[in-house]
Amino acid sequence: MTENERRLIEAIAEMREEEALELAKAMLARGEDPLRVLELCREAMDIVGKRFERQEYFLPELVLAGEMLETIGAIAKPLIQERSGGEAKKLGRVLIGTVHGDLHDIGKNIVTFMLDINGYEVRDIGIDVPVAKFVEEVRGFQPQVVGLSGFLTLAFDSMKETVQALEAAGLREGRRIMIGGGQVDEAVRTYTGADAFGGNAVAAVSLCRQWIAA
Ligand code: B12
């Protein structure tokens, strides 16, 4: 890790907003990989999350960290788009949303964006999405892949309920369900009954590539 990369992580984790934004902007202006910059932000978020758990940080710090990440993300996105060579043809349909009870959407938004620039038609149905809304939207949009996002432990139950409801509505067949979000792993995938989990937006894209034949 370079000195600048270390400084960016530290500035975000220490809530030095102005410095963090300046460092990120300077790195991007120098032509550093925007995906790398987002990865550094994620590392900083892990530090913030741990401090929150230890009660060294409280809700205002979580909010500020989220805002910093969104601002940096908004600057990085067009650069990622440029590198990907612009709009590709639509390879398939993906429906994505954050499950009910959960309001975290930064990770989901990155996944939506990455799928979009990789040629998928993505319908993002937002946060705190009730099970019935997923069912209705899947029926209408007929996506090949459904993505469920969630960062809270309670989201695992919401994911499981959503998977079961899609199954009960006869909408599971011929369709894959992927899940993701901070704590999601193989054990959560088994619990929810989803087809796969993805640890990051790049994994989400490769799952869709694997599942939807071009
Ligand atoms: C920012 C943040 C917030 C912001 C969210 C802003 C927003 N618009 O999203 C705010 C302040 C609103 C918030 C609120 C709360 N939060 Co919060 N939050 C965070 C924090 C610091 C970062 C989350 C984040 O955005 N990370 C950045 C993204 C980019 O992370 P990422 O995981 O790398 O994202 C990738 C993958 O997840 C994957 N992915 C994501 N979705 C999907 C979907 C699919 C299909 C696939 C394949 C992949 C995929 O791709 C992403 C991109 O590469 C985390 C700590 C952490 N380390 O995660 C806590 C954390 C998630 N929050 C936590 C808590 C407790 C809360 C609150 C309950 C606090 C409170 N007391 O009110 C509330 C809950 C509100 C609710 N009902 O949802 C806990 C959850 C604990 C738990 N096990 O349940 C955490 C873990 C902090 C902690 N360590 O205690 N939070």
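Since the structure is predicted, the reported quantities are computational estimates derived from the model, not experimental observations.

## Focus on the pattern of salt bridges
Then comes step 1: This structure, assessed with the given rule, holds 18 salt bridges.
Then comes step 2: We note a salt bridge from Arg51 to Glu14, for which the minimum N-O separation is 3.3 Å. Placement of Arg51 in helix H3 (residues 34-53) and of Glu14 in the loop between helix H1 (3-13) and helix H2 (17-29) is noted, with a sequence separation of 37 residues between them.
Then comes step 3: Linking Glu39 and Arg42 is a salt bridge whose minimum nitrogen-to-oxygen distance equals 3.1 Å. Taken as a pair, Glu39 and Arg42 lie in helix H3 at a separation of 3 residues, close to a single helical turn.

## A few points about the coordination of the cobalt atom of the ligand
Then comes step 1: On the protein, His104 (NE2) is the one donor atom to the cobalt atom of the ligand, at 2.3 Å.
Then comes step 2: For His104, the location among the structural elements is in the loop between strand E1 (93-98) and helix H5 (106-117).

## Quick word on the packing of aromatic side chains
Then comes step 1: A full pass over the atoms with the stated rule returns 0 aromatic pairs.
Then comes step 2: Of note, Lys160 hangs over the ring of Tyr191, and the distance from its end group to the ring centre comes to 4.1 Å.

## Examining the site of the ligand
Then comes step 1: The full set close to the ligand counts 38 residues, and Arg42, Leu103, His104, Asp105 and Thr153 are the nearest of them.
Then comes step 2: In the model, a nitrogen atom of the ligand is placed 3.3 Å from a nitrogen or oxygen of the Met45 main chain.
Then comes step 3: With respect to the ligand, the backbone of Gly101 contributes an N or O atom lying 3.1 Å from a nitrogen atom.
Then comes step 4: Looking at the shell around the ligand, the elements that each hand over two or more residues are H3, helix H4 (59-83), H5, strand E3 (145-149), strand E4 (176-180) and helix H9 (201-211).
Then comes step 5: With 6 residues, the single largest contributor to the shell around the ligand is H3.

## Some remarks on the side chain of Arg172
Then comes step 1: Along the chain, Arg172 turns up in the loop between helix H7 (154-168) and E4.
Then comes step 2: Here the side chain of Arg172 touches Glu167 through a polar contact of 2.7 Å, side chain to side chain.
Then comes step 3: In terms of polar contacts, Arg172 uses its side chain to reach the backbone carbonyl oxygen of Gly193, at 3.0 Å.
Then comes step 4: Filtering out sequence-adjacent residues up to four positions away, Arg172 remains in contact with Val163, Leu166, Glu167, Ile177, Gly193, Ala194 and Asp195.

## Quick notes on the domain arrangement of the chain
Then comes step 1: With domains assigned, the chain is organised as domain 1 (3-83) and domain 2 (93-213).
Then comes step 2: Using C-alpha coordinates to define each centre, domain 1 is positioned 25 Å away from domain 2.
Then comes step 3: In this complex, domain 1 contributes 7 residues to the contact, which on the side of domain 2 involves 5 residues.
Then comes step 4: Roughly 670 Å² is buried in total at the junction of domain 1 and domain 2, and carbon and sulfur atoms are behind 83% of that figure.
Then comes step 5: In this assembly, domain 1 and domain 2 are joined by 0 salt bridges.
Then comes step 6: Applying the counting rule to domain 1 against domain 2 returns 0 residue pairs in polar contact (both at pLDDT 80 or more).
Then comes step 7: Residues belonging to the side of domain 1 that touches domain 2 are distributed by class as follows: 3 nonpolar, 2 polar and 2 charged.

Thresholds applied
- Residues numbered from 1 in each chain as written.
- Predicted model: local features only at pLDDT ≥ 70, side-chain atom pairs only at ≥ 80, totals over all residues.
- Heavy atoms only, no water.
- Salt bridge = Lys/Arg side-chain N within 4 Å of Asp/Glu carboxyl O.
- Helix = DSSP H or I, 4+ residues; strand = E, 2+ residues; numbered from the N terminus.
- Donors = N, O, S within 2.8 Å, 3.2 Å for Na, K, Ca; no water.
- Phe/Tyr/Trp six-rings, centres within 6.5 Å; stacked < 30°, edge-to-face > 60°.
- Lys NZ or Arg CZ within 6 Å of the ring centre and 35° of its normal.
- Near = heavy atom within 4 Å.
- Polar contact = N/O pair within 3.5 Å; in protein donor to acceptor, adjacent residues only side chain to side chain.
- Contact = heavy atoms within 4.5 Å.
- Domains from an automatic or database assignment.
- Buried area = accessible area lost by both parts, 1.4 Å probe.
- Nonpolar A, V, L, I, M, F, W, Y, C, P; charged D, E, K, R; others polar.

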